[in-house]
Amino acid sequence: MPAHSTPQIVDAVVIGAGFGGIYAVHKLHNELGLTTVGFDKADGPGGTWYWNRYPGALSDTESHVYRYSFDSDLLQDGTWKHTYITQPEILEYLEGVVDRFDLRRHFRFGTEVTSAVYLDDEAQWEVTTGAGTVYRATYVVNAVGLLSAINFPNLPGLDTFEGETIHTAAWPEGKDLAGRRVGVIGTGSTGQQVITALAPEVEHLTVFVRTPQYSVPVGKRPVTTEQIDAVKADYDRIWTQVKGSSVAFGFEESTVPAMSVSEEERGRVFEQAWQHGGGFRFMFATFGDIATDEEANEAAAAFIRSKIAEVIEDPETARKLTPTGLFARRPLCDDGYHQVFNRPNVEAVAIKENPIREVTAKGVVTEDGVLHELDVLVFATGFDAVDGNYRRMEIRGRGGLNINDHWDGQPTSYLGIATANFPNWFMVLGPNGPFTNLPPSIETQVEWISDTIDFAERNGLRAIEPTPEAEAEWTETCTEIADMTVFTKVDSWIFGANIPGKKPSVLFYLGGLGNYRAVLADVTANGYRGFESA
Ligand code: N01
């Protein structure tokens, strides 16, 4: 949309009001004193947790470390009821943070940013909203979420379906499917959560399974006040550990190779982690090489497969839901997912061997000719991850360079934060940022961005951006690290392999948060090595 209003001048624009955007506005306005305006197309704060209101939505990171750590009073005032917090609780928490730090007045909710164009002569960003309002800002901080651009597969005949279609990440508030005949496509983190929650409510649930996944119990349990108090008393140590660790989930990561112990001992360690719960814990706290060594990985995978066989009563259903091959996607955990397939109202349809032929007015027809009659079809089909949201805006850097041409389908960055030719333009969870429990990585990046902006302000820099060489080197580093893991050996959204037509590429720094923080500190200590400024 062409700009048609007199630009409003601010120091910084923040795009997004999730964990990243909220903290960025707090840092830039409340701490640096910069005039800052934040935008979100949602009608309120929350980001991911605003949109993902599907039944069963839960963080798979334990409650005490799925939060901000930057303010000790905020930490001490925090509370939770279970070992994991649900979507409504996380949303309430984020709304509380916004109000606590008086940030609401800086946000324009219900406002989508449609373009951000760098004006070379002025060294300013011109940011335009869907309503045609124009802002000029020295800095742009993109906190647009790495899992927010919806993947909605266009199945043949979908437009003829007379029932309702719902994507889990656009779940209407309070939508109740009790007594309906429901189909769910997708069995990733989201699919497993929504399937588990819907099974006891709906009349009939048809689960269209394309790739069954390895999943372990989440271990959601009530917590006592004494347990919460003990965590709070120990928070300094806990956050130091989290920020120095690899995946930042708040547990000690193992360094013991799986094959260095006896089979019996391996079984004991896996069983203990199974009983405790948690997907990342199972992958990273049991042994140190599940994510890097195929033999170790197979030992963990075989253990999970044996558990699925114990749980699912019907052998044919168990076969459809048992993963094969490497345990090498983002590790999942669930709250009774496999158990729901023992219910008489739940049916699994394996769509790799019996694909969806088409959607008709009454439901989904599979290749075997069966019509699965449905009132509602739920898409738990994930996201165009990491760069998906950037491609939905018009973003132009130096000389009018479009971000899509710059990335050419394979997004890169320096440090997951900035990219060459896009001066004073920062990303929270940009391509090749850390792969962890996200709030601690988000905090790390927002703090580094804020420090960098402060540095630029204090030194009168017009513009700061990475060199193409530094960006290429970071991409190389991320690729080398990814190649040391089993993750690159299977298709998943981590490498953009879930979106038809998207070029697969490494999208994460898999070197761990502790190492990542050390790299950031080193870059700063060495005069912003890899950046150039004017
Ligand atoms: O998405 P996914 P998600 N026809 O891409 C299937 C985070 N998260 O929303 O595996 C049929 O993992 C697809 O099949 P396949 C977390 O980081 C966190 O579940 O490609 N099926 C797959 O089964 C997570 O990793 C929490 O063969 C199609 C599913 O849809 C990330 O979000 C909770 C299809 C998509 O799985 C993404 O998870 C929820 C098609 N055309 C999510 N297209 C927490 O607990 C896709 N599928 C914090």
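Described in the following lines is the structure provided in the data block. None of these values were measured; they are calculated from a predicted model.

### With respect to the overall build of the chain
Each helix and strand counted, the chain has 15 helices and 24 strands in total. Across its three principal axes, the chain shows a C-alpha extent of roughly 70 × 55 × 45 Å. Classification of the 534 residues of the chain by burial places 57% in the buried group. Contacts in the chain between residues at least 24 apart in sequence constitute 72% of all its contacts with a sequence separation of at least 6. In the structure as shown, the chain presents an accessible area of about 21000 Å², 48% of it carried by carbon and sulfur atoms. Within the chain, the 74 negative side-chain charges are centred at a point lying 2 Å from the centre of the 43 positive side-chain charges.

### Brief notes about the site of the ligand
Residues in contact with the ligand amount to 25 residues; listed here are only the nearest, Leu58, Thr190, Arg210, Thr211 and Arg329. Take Arg210: an N or O atom from its side chain is 2.8 Å from an oxygen atom of the ligand. Residue Arg330 places a side-chain N or O atom 2.9 Å away from an oxygen atom belonging to the ligand. Considering the ligand on its own, with 920 Å² of exposed area, one finds that the protein chains cover 88% of that surface. Tallied by class, residues from the shell around the ligand come to 9 nonpolar, 12 polar and 4 charged.

### Considering the sheet that holds strand β16 (residues 363-366)
Here we have 3 strands laid out as an open sheet, ordered β15-β16-β17, and antiparallel in their pairing. Only two strands of the sheet have a single partner each, and these edge strands are β15 (356-359) and β17 (371-373). This sheet shows a mean twist of 25° between the axes of neighbouring strands, independent of strand direction.

### So, the sheet that holds strand β14 (residues 346-350)
With respect to topology, 5 strands assemble into an open sheet ordered β9-β18-β10-β11-β14, the strand pairing being parallel. Because the sheet does not close on itself, it has two edges, and the strands there are β9 (164-167) and β14. Within this sheet the neighbouring strands show an average axis-to-axis angle of 20°, counted without direction. Across the sheet, helix α5 (residues 189-198) lies against β10 (181-185) and β11 (204-209), angled at about 165° from β10, the strand it touches most.

### Here's the deal with the environment of Val486
Looking at the secondary structure, you find Val486 in the loop between α14 (468-483) and β23 (508-509). Taking the C-alpha atoms as reference points, Val486 and Thr86, separated by 400 residues in sequence, lie 30 Å from one another. Those residues in contact with Val486 that sit more than four places away from it in its chain are Ile290, Ala291, Thr292, Asp293, Glu294, Asn297, Leu326, Phe327 and Ala328.

### Topic: the pairing of β14
Of all 5 residues in β14, 4 are buried; the element is thus mostly enclosed. Pairing geometry for β11 and β14, over 5 bridges, is parallel. Counterpart to Phe208 in the pairing with β14 is Val349.

### Topic: the environment of Ile308
Relative to the assigned elements, Ile308 resides in helix α10 (residues 294-311). Judged by its relative accessible area of 2%, Ile308 falls in the buried class. Measuring from C-alpha to C-alpha, the distance between Ile308 and Gln339 comes to 8.9 Å, with 31 residues separating the pair along the chain. With residues up to four places along the chain from it excluded, the contact list for Ile308 reads Leu321, Thr322, Pro323 and His338.

### Structural notes on the pairing of strand β1 (residues 8-15)
As defined by bridge partners, β1 adjoins strand β8 (residues 134-142) across 7 bridges and the pair is classed as parallel. Paired with Val10 across the bridge in β8 is Ala137. Here β1 pairs with strand β2 (residues 36-40) via 4 bridges, running parallel. The residue of β2 that forms the bridge with Ala12 is Thr36. Crossover connection from β1 via helix α1 (residues 19-31) to parallel β2: handedness right-handed.

### A word on the packing of helix α13 (residues 438-458) against helix α15 (residues 513-525)
Where α13 meets α15, the closest approach of the two axes is 11 Å, and the angle between their N-to-C directions is 5°. Taken together, the axes of α13 and α15 lie roughly parallel to each other. From α13, Pro440, Ser441, Thr444, Gln445 and Trp448 reach across to α15, where they touch Leu513, Tyr516, Arg517, Leu520, Val523 and Thr524. Its residues assigned to classes, the contact of α13 with α15 comprises 6 nonpolar, 4 polar and 1 charged.

What counts and what doesn't
- Residues numbered from 1 in each chain as written.
- Predicted model: local features only at pLDDT ≥ 70, side-chain atom pairs only at ≥ 80, totals over all residues.
- Heavy atoms only, no water.
- Helix = DSSP H or I, 4+ residues; strand = E, 2+ residues; numbered from the N terminus.
- Buried < 20%, exposed > 50% of the residue type's maximum accessible area, 1.4 Å probe, protein only.
- Contact = heavy atoms within 4.5 Å.
- Areas by Shrake-Rupley, 256 points an atom, 1.4 Å probe, with all protein chains shown as cover.
- Lys, Arg positive; Asp, Glu negative; His and termini not counted.
- Charge placed at Lys NZ, Arg CZ, Asp CG, Glu CD.
- Near = heavy atom within 4 Å.
- Polar contact = N/O pair within 3.5 Å; in protein donor to acceptor, adjacent residues only side chain to side chain.
- Nonpolar A, V, L, I, M, F, W, Y, C, P; charged D, E, K, R; others polar.
- Pairing = 2+ DSSP bridges.
- Axes fitted to C-alpha atoms, helices over the stretch in contact; angles between N-to-C directions.
- Right-handed = clockwise from strand over helix to strand, strands pointing away.
- Parallel < 35°, antiparallel > 145°, perpendicular 65-115°, else oblique.

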